[in-house]
Amino acid sequence: MSLDSPSATSVLLQPLLDCGPLKIWSVAVTLLGDACTSPRDQIRTRDIDRMLAPLGITNQALRVALHRLKRDGWVEAEKHGRSASYRLSAQGWASTEAVRARIYNFERPDQPVWMSLAPPDLSGAEMEDALPEDALRLSPRTALIAGQANGLEDWVHTPLNGPVPDWLRDSLVPEDLQVEYTALATACPDLAAVQALPLADQSILRLLILHHWRRLRLRHGDLPDLLLGEDWAGAVAANKVPPLLTALPRADLADRNAA
């Protein structure tokens, strides 16, 4: 498939390509995480290249990205004569599994949100260390926390319900994140049009939709989903993306018999 040809696939693919620049190493991680369903699965370099070439990613750029991922401990390589296969390393697999629910669980989270007040003897640095990773610090002594406030029993926790003011909305979701979610929702193709394409092209579209969805979901925790309702840009995208990811096939690239 060539993006220079006015094919049905290129027409659907181009708006997704326009959602933002692609970091090749990150797209490769998205592909490996989606296609490989166990730590033993691996994908041959030629198959990764075949999937990423329609996205404008050259073989040389891909090899540089894979070398970087191997150097950083994200992937492992196995030689097959003059070719090679790649799998997620133990570190890469653990990191992928840790966020898999955020990417593939399309149900809106159901947990409380707390306005939490830290004890007066806690320093700023100690408060920062005590807060969950996805908490939102609002002032030197207060923060928003989603879920159970484990280990913070000596704090004061007040449930936060109902609509939030604009200033809190802006704190929860930066403007650039809203813009990118809106761009993704707008670029998502019609499901019937996508399903009319060859299966190989459907897989490429799935990869690109999944990649943009993944990188945006990993930029925030559950607080926006819990507090901003159905009209914020992430929720709008969440109505568009899941039906496509459910319907479109994964690339069948992984070697399930890898050693």
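Look up: the structure comes first, before these words.
Residues numbered from 1 in each chain as written. Predicted model: local features only at pLDDT ≥ 70, side-chain atom pairs only at ≥ 80, totals over all residues. Heavy atoms only, no water.

(A) Main features of helix 8 (residues 175-187). Across its 13 residues, helix 8 extends 18 Å between first and last C-alpha, which sits within 8% of the 18 Å expected from 1.5 Å per residue. Residues L177, Q178, Y181, L184, A185 and A187 constitute the buried set of helix 8. Against the buried residues of helix 8 lie helix 1 (8-17), helix 10 (199-217) and helix 12 (233-247). (Helix = DSSP H or I, 4+ residues; strand = E, 2+ residues; numbered from the N terminus. Expected span 1.5 Å × (residues − 1). Buried < 20%, exposed > 50% of the residue type's maximum accessible area, 1.4 Å probe, protein only. Contact = heavy atoms within 4.5 Å.)

(B) Geometry of the pattern of salt bridges. According to the stated counting rule, one finds 14 salt bridges in the structure shown. Of the charged contacts in the structure, one is a salt bridge between R50 and D47, with a shortest N-O distance of 3.1 Å. Note that R50 and D47 are positioned in helix 3 (residues 45-52) at a spacing of three residues, about one turn of the helix. Overall, the relative accessible area of 47% leaves R50 in the partly exposed class. A salt bridge links D176 to R219, with the nearest nitrogen and oxygen atoms 3.0 Å apart. One end of the pair, D176, is in helix 8; the other, R219, is in the loop between helix 10 and helix 11 (223-227), and 43 residues separate them in sequence. (Salt bridge = Lys/Arg side-chain N within 4 Å of Asp/Glu carboxyl O.)

(C) Region of interest: the side chain of S85. On the secondary structure map, S85 appears in strand 3 (residues 83-88). The buried category is assigned to S85, whose relative accessible area is 2%. Among the polar contacts made by the side chain of S85, one reaches the side chain of H80 at a distance of 3.0 Å. (Polar contact = N/O pair within 3.5 Å; in protein donor to acceptor, adjacent residues only side chain to side chain.)

(D) Representation of the side chain of R215 within the structure. Tracing the backbone through its elements, the reader meets R215 in helix 10. Within the local environment of R215, its side chain forms a polar contact with the side chain of E180, the two groups lying 2.6 Å apart.

(E) Geometry of a negative patch on the surface. The grouping of D121, E126, D129, E153 and D154 at the surface amounts to a negative patch. Checked against the element boundaries, D121 lands in the loop between strand 4 (113-117) and helix 6 (124-130). (Patch = residues over 30% accessible without salt bridge, like charges linked within 9 Å, V, L, I, M, F, W, Y side chains within 5 Å. Areas by Shrake-Rupley, 256 points an atom, 1.4 Å probe, with all protein chains shown as cover. Lys, Arg positive; Asp, Glu negative; His and termini not counted. Charge placed at Lys NZ, Arg CZ, Asp CG, Glu CD.)

(F) Geometry of the nonpolar core. Core analysis: the biggest nonpolar cluster contains 68 residues, and L52, L55 and L172 have the highest contact counts within it. With eight residues, the single largest contributor to this core is helix 10. Beyond its immediate sequence surroundings of up to four residues, L55 is in contact with L13, L17, L22, V27, I204, L207 and L208. Of all hydrophobic cores here, the second largest spans nine residues; its members include L131, A135, A143 and I145. (Core = buried A, V, L, I, M, F, W, Y, C linked by side-chain atoms within 4.5 Å.)

(G) Examining the layout of surface pockets more closely. Approximately 370 Å³ is the volume found for the largest pocket. Lining the largest pocket are 18 residues; nearest its centre among them are E107, R108, P109, R217 and D225. Of all the elements in the fold, those that place two or more residues in the lining of the largest pocket are helix 5 (90-104), helix 10 and helix 12. Of the residues contributing to the lining of the largest pocket, the split by class is eight nonpolar, three polar and seven charged. When its volume is computed, the second largest pocket comes out at roughly 280 Å³. What lines the second largest pocket is G20, P21, L22, K23, W25, S26, E180, H211, R214, R215 and L218. Looking at the lining of the second largest pocket, the elements that each hand over two or more residues are helix 2 (24-35) and helix 10. Sorting elements by how many residues they give to the lining of the second largest pocket places helix 10 first, with three residues. For the lining of the second largest pocket, a count of residues per class yields four nonpolar, three polar and four charged. (1 Å grid on protein atoms, 1.4 Å probe; cavity = no way out; pocket = protein on both sides within 12 Å on 5 of 7 lines; lining within 4 Å. Points joined across faces, edges and corners; volume = space filled by probe spheres on them. Nonpolar A, V, L, I, M, F, W, Y, C, P; charged D, E, K, R; others polar.)

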